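Commentary on secondary and tertiary structure
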Amino acid sequence: MEGIALFNHAGSGNHGCEAIVRGFLEGVKENAPAIRLLTNSGGEDRRYLGPVIAERLSIEEERHLDRDLVMHTLLYGYRKLTGDKECYLRYRFPMLFHNGRNGASAGNGGSGAGLPALAISIGGDNYCYPEMVPELILADRMLADRGVPTALLGCSIEPDALAGDKAMVEDLKGHRLITVRESLTYEALCEAGIPEERLRKLPDPAFAMPAAEGGLAGNVMSAADGLTGNDLTMADGSIGSTMPAAGQDSGIVGINVSPLIERYRGEGGETALDAFTALTEHLIQHTDLRIRFVPHVVWANSDDRKPLRALQERFAECGRTELVADAPAPVLKREIAGCQFFVGARTHATIAAYSSLVPTLVVGYSVKSRGIARDLFGEDRGLVLPVQELTGAGLIAAFEDLRAREKELRGILSQKIPGYRERARENAAEMLACVGR
């Protein structure tokens, strides 16, 4: 066995996934074992992580059964006949479940590097999605059968799910180490019987990712750009916004809207887009603030640019709004860092804001939002607005409360974030200490 494998990585088109990888690497020392990133989308990772990051890890794409009709049909029939539940995962991860010297190679989907000394699941909130849990458990069992220890990086798990799923709890007990990014999940894991010696409470690795440096070079999307964004030429870090990155005194409100939050909204009434429309109207009519719309996930089935573009097109004539184009996570973090306030739905967009000392209102739908806010501020009341209760009036009131508390919140962030960044880097050190343990 050699090196470590980061797996359950969905691809850097979700810039939160990208930020986790980048933040993890911030804590990796020069003499560390070789690192392999097993990804759902090698193209995304090569595009967004770039050549500098690529030199520090190997990028290996999973095989996609849904893109091979013949193999899909054959494996479906084989699984029905034999009851072999593992066959899909063996196909998906030949580089993870086979010794490279005995079959898997770069040519057939593997790296030829052999089994890893440690397999780290970096999909921190995967256990929050019930449809994913059986496959997570199966993958961990398959690795254990091959003598490969596993670890879970930067996780959040709903306490109710832990309390009601014995199979999940037994699976989590099998990890050599779990780093937990907020206290609500940490307490729930302890109550579920996960041994404390296998738990570490550390900030999300993304807190350690620095923002890009560089000047301003027009990263704003016009309506003519469609939803594709601009070309990524990040070598000099020069992609930026036309608005100044003046931070505390910038007069800019950053807004991130996710199509995902519609899934968690309550029945009837306003949509999430309605609520953010009302907030934008309020900002334009009752303040002098400018609005910066910032996407953080650009996957075809969950593209933040779609609702954000609708907002930009509706309010563009006022001359106080802009839609930031798609870019690597450090560039987006720089755009967020240039805001005076931030209102966001995507967890890692809000982490980019917090770690840049920007007072932030989270439109949340899970334990991670509440837990991160409580750890930073001692409470989540007024700082996390449950999407199930989202209305335009409520969002406006919550923003005005945030605005009134600007000095207080910025002071708390200024005090806590330097330590958060340092502790976030410890995720890598703690994981690497597991190798050979």
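Look above for the structure.
The following paragraphs examine the structure supplied in this document. (Residues numbered from 1 in each chain as written. Predicted model: local features only at pLDDT ≥ 70, side-chain atom pairs only at ≥ 80, totals over all residues. Heavy atoms only, no water.)

Looking at the layout of surface pockets
Its volume calculated, the largest pocket comes out at about 1,300 Å³. Lining of the largest pocket is provided by 43 residues; of these, A10, N126, Y129, M132 and W299 occupy positions nearest its centre. Elements with a contribution of two residues or more to the lining of the largest pocket: β1 (4-9), α1 (15-26), α4 (87-92), α6 (133-145) and α13 (347-354). If you tally residues by element for the lining of the largest pocket, the top one is α4, at four residues. Residue composition of the lining of the largest pocket, grouped by class: 16 nonpolar, 15 polar and 12 charged. (1 Å grid on protein atoms, 1.4 Å probe; cavity = no way out; pocket = protein on both sides within 12 Å on 5 of 7 lines; lining within 4 Å. Points joined across faces, edges and corners; volume = space filled by probe spheres on them. Helix = DSSP H or I, 4+ residues; strand = E, 2+ residues; numbered from the N terminus. Nonpolar A, V, L, I, M, F, W, Y, C, P; charged D, E, K, R; others polar.)

Quick word on unusual backbone geometry
Not every positive phi belongs to a glycine, and N8 is a case in point at roughly 60°. A positive phi angle, close to 70°, is found at L357, a residue other than glycine. Along the chain, L357 falls in the loop between α13 and β14 (360-364). Take L357: its relative accessible area is 25%, and that puts it in the partly exposed class. (Buried < 20%, exposed > 50% of the residue type's maximum accessible area, 1.4 Å probe, protein only.)

Concerning the packing of aromatic side chains
Throughout the structure, instances matching the rule amount to five aromatic pairs. With centroids separated by 6.0 Å and ring planes inclined at 80°, the aromatic side chains of F93 and F97 adopt a geometry described as edge-to-face. Ring geometry for F341 and F399: centres 5.6 Å apart, planes at 80°, overall edge-to-face. Remark: F399 occurs in helix α15 (residues 392-404) and F341 occurs in strand β13 (residues 341-344); sequence separation between them is 58 residues. Comparing F341 with F399, the two get one shared label, buried. Connected via pairs of aromatic rings, a cluster forms that spans F7, F93 and F97. Over the ring of Y91 we find R63; its NZ or CZ atom is 4.3 Å from the centre of that ring. Against the face of Y420 rests R423, its NZ or CZ located 5.7 Å from the ring centre. (Phe/Tyr/Trp six-rings, centres within 6.5 Å; stacked < 30°, edge-to-face > 60°. Lys NZ or Arg CZ within 6 Å of the ring centre and 35° of its normal.)

As for empty space enclosed by the protein
In this structure the tally under the stated criterion is two cavities of 30 Å³ or more. Size it by volume and the largest cavity reaches roughly 40 Å³. If you go around the largest cavity, the residues you meet are A19, A206, M209, H296, K333, H348, I351, A352 and S355. The class makeup of the residues in the lining of the largest cavity is five nonpolar, three polar and one charged. Considered as a void within the structure, the second largest cavity measures approximately 40 Å³ in volume. Around the second largest cavity, the lining residues are T347, T350, I351, Y354, V362, K368, S369 and I372. Taken together, the elements giving at least two residues each to the lining of the second largest cavity come down to α13 and α14 (367-377).

So, the sheet that holds strand β6 (residues 177-180)
Taken in spatial order, the seven strands line up as β3-β2-β1-β4-β5-β6-β7 in an open sheet, and their pairing is parallel. Strands with a single pairing partner mark the edges of an open sheet, and in this sheet they are β3 (58-61) and β7 (199-201). Here the strands of the sheet are splayed against their neighbours by 20° on average, with no regard to which way each runs. In this sheet, strand β5 (residues 150-155) lies alongside strand β4 (residues 118-121) in parallel orientation, the contact comprising three bridges. Looking across to β5, one finds that A119 is bridged to T150. The strands touched by helix α2 (residues 42-54) within the sheet are β1, β2 (35-39) and β3, with β3 carrying the most contacts at an inclination of about 155°. The strands touched by helix α16 (residues 406-432) are β1, β4, β5, β6 and β7; relative to β5, the strand with the most contacts, the crossing angle is about 175°. (Pairing = 2+ DSSP bridges. Axes fitted to C-alpha atoms, helices over the stretch in contact; angles between N-to-C directions. Contact = heavy atoms within 4.5 Å.)

What to know about the nonpolar core
I255, F276, V343, Y354, L390, L395 and F399 are the most contacted members of the largest nonpolar core, which has 55 residues in total. No other element matches the seven residues that helix α10 (residues 272-286) contributes to this core. With near-sequence residues (within four places) excluded, Y354 lies in contact with F207, T360, V362, I372, A373, L376, F377, L413 and I417. Of all hydrophobic cores here, the second largest spans 23 residues; its members include V21, L25, L118 and M431. (Core = buried A, V, L, I, M, F, W, Y, C linked by side-chain atoms within 4.5 Å.)

Description of the side chain of D375
Tracing the sequence through the fold places D375 in helix α14. In this structure D375 is buried but unpaired, with K201 as the nearest side chain of opposite charge at 4.3 Å. Sequence-distant contacts of D375, that is, excluding residues within four places in its chain, are made with R181, E182, S183, K201, K416 and Y420. (Lys, Arg positive; Asp, Glu negative; His and termini not counted. Salt bridge = Lys/Arg side-chain N within 4 Å of Asp/Glu carboxyl O.)

Focus on the packing of α1 against helix α12 (residues 329-337)
For the pair α1 and α12, the least separation of the axes is 9 Å and the interaxial angle reads 105°. Judged by the angle between their axes, α1 and α12 are roughly perpendicular. Every residue of α12 that contacts α1 at H15, E18, A19 and R22 is listed here: A329, P330 and L332. Grouping the constituent residues of the contact of α1 with α12 by class yields four nonpolar, one polar and two charged. (Parallel < 35°, antiparallel > 145°, perpendicular 65-115°, else oblique.)

Quick look at the pairing of β5
Within β5, six of the six residues are buried, which leaves it mostly tucked inside the rest of the structure. At this point the chain moves from β4, through α6, to the parallel β5, and the crossover so formed is right-handed. Pairing geometry for β5 and β6, over three bridges, is parallel. Following the sheet pairing, A151 is matched in β6 by L177. (Right-handed = clockwise from strand over helix to strand, strands pointing away.)

So, the pattern of salt bridges
If charged atoms from side chains of opposite charge come close, those side chains can pair. A complete count under the given rule lists 26 salt bridges for this structure. Residue D84 pairs with R90 through a salt bridge whose shortest N-O separation is 2.7 Å. You can call R90 partly exposed: its relative accessible area is 21%. As a salt-bridge pair, E135 and R92 come within 2.6 Å of each other at their nearest N and O atoms. In this pair, E135 is assigned in helix α6 and R92 in helix α4, connecting sequence segments 43 residues apart.

Honestly, it's all geometry; don't read function into it.
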